[in-house]
Amino acid sequence: MTSMRACVLERFGGPEVLEFGHRPIPVPDRGEVRVKVHAFGINRADVLQRRGMYPAPPDAPQDIPGLEYAGEVDAVADDVRRVGVGDRVMGIVGGGAYAEYVTIPASHVVSVPPGRSFVDAAAIPEAFITAYDALERLGVVSGQWLLVHAVGSGVGTAALQLAHHRGARCIGTSRTAAKLEVAKTLGLEFGVQTTKRDWVQTAREISGDAVRAALDLVGGELFSATLDLLANRGRLVLVGITAGPRADVDLAVILRRRLSIEGTVLRSRSKGEKAAVIQSFCEHVLHLFAENHVRPVIDRVFPFERIAEAHAYMESNASFGKIVVKVA
């Protein structure tokens, strides 16, 4: 067999532009492994790429979306030693996961936690590695108040669990009260609806005006409000802009409170940068899954043939946690 089935993008648009085609099975280059994909997660970045708003990095497949995978190693380059054929693995990629096979640098491969299925594993990499990296940048510690926007999203549910495990006190936001209630089962202390005009004042009263860290997954008009909420020397890490790429910001607030703002994204980082954060994740977080301190939160699982439906479901904003597609 020399070809594989893949979901391909030949044009931009709605979920209906997602089509199936055949592509050559990739061959692992130096330092790489090939994985037979059993499942993969759907991400907002995939939706943006489908719309023509978020192109794949130059070193990734341009017509096959997909940022995370779970599966079984079926081939390795001659120089690879730490990963072997038959290993159950998961991880992040710059693109190409919407296919039956994908190649990855061996340094980016993560072992599937014991007792976890491939479907479970497919919901872990992008959400938990992103969340872990963001919390490290925020310096979240025990007893500290953390605000997590879009707490019902994949990254939101991951950040909530990781922060709760650290002993942080979490305030989560959502437009939906029901999602906030479910998030409380994952360690959310207080939830606020951003559809209410007084949400900033509510969060300020809850925390005693002591929110020193904020994880912003939405951007847009919430960005400036979040800055206004932060206490002196507070930090904000911006990971997503699903609510829009622009905000009206009062720069005086940043100066007066000596705020720190950092934007971050995994996809565009160099291979070395990705390897470093993945190694740190494996050392500090991976064991938490086996010990049941954290878990992937999966809303729905779709078969490969219904990937367009999975995209439409993500765009409905009805999901809580991750949406996973099962390939085989």
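Up top is the structure these notes are about.
Residues numbered from 1 in each chain as written. Predicted model: local features only at pLDDT ≥ 70, side-chain atom pairs only at ≥ 80, totals over all residues. Heavy atoms only, no water.

A short note on the overall build of the protein chain
From N to C terminus, the protein chain includes eleven helices and 15 strands. For 328 residues, the compact-globule formula gives about 20 Å, and the C-alpha radius of gyration of the protein chain, at 20 Å, lands near that figure. Taken along its principal axes, the extent of the C-alpha atoms in the protein chain is 60 × 40 × 35 Å. Across the protein chain, the fraction of contacts at a sequence separation of at least 24, relative to all contacts at a separation of at least 6, is 70%. (Helix = DSSP H or I, 4+ residues; strand = E, 2+ residues; numbered from the N terminus. Rg over C-alpha atoms; globule rule 2.2 N^0.38 Å. Contact = heavy atoms within 4.5 Å.)

A closer look at the packing of aromatic side chains
All told, the structure shown has seven aromatic pairs when counted by the stated rule. Aromatic pair F20 and F304: ring centres 4.9 Å apart, planes at 90°, arrangement edge-to-face. Here F304 lies in the loop between β14 (298-303) and α11 (307-315) and F20 lies in strand β2 (residues 18-24), a separation of 284 residues in the sequence. Residue class for F20 comes out partly exposed when judged on its relative accessible area of 34%. You can call F304 buried: its relative accessible area is 0%. Taken together, a centroid distance of 6.2 Å and an interplanar angle of 50° make the contact between F302 and Y313 tilted. Pair noted here: F302 is in strand β14 and Y313 is in helix α11, with a separation of eleven residues, a long-range link. In terms of burial, F302 and Y313 fall into one category: buried. In textbook terms, an aromatic cluster arises when at least three aromatic residues are bridged by ring pairs, as seen for F20, F40, Y98 and F304. (Phe/Tyr/Trp six-rings, centres within 6.5 Å; stacked < 30°, edge-to-face > 60°. Buried < 20%, exposed > 50% of the residue type's maximum accessible area, 1.4 Å probe, protein only.)

Topic: helix α9 (residues 271-284)
A rise of 1.5 Å per residue sets the reference length of α9, with its 14 residues, at 20 Å; its end C-alpha atoms lie 20 Å apart and thus fit the reference within 8%. Regarding α9, the residues found buried are K274, A275, V277, I278 and F281. If you follow the buried residues of α9, they end up packed against β5 (88-92), β7 (110-111), α3 (125-138) and α10 (286-290). (Expected span 1.5 Å × (residues − 1).)

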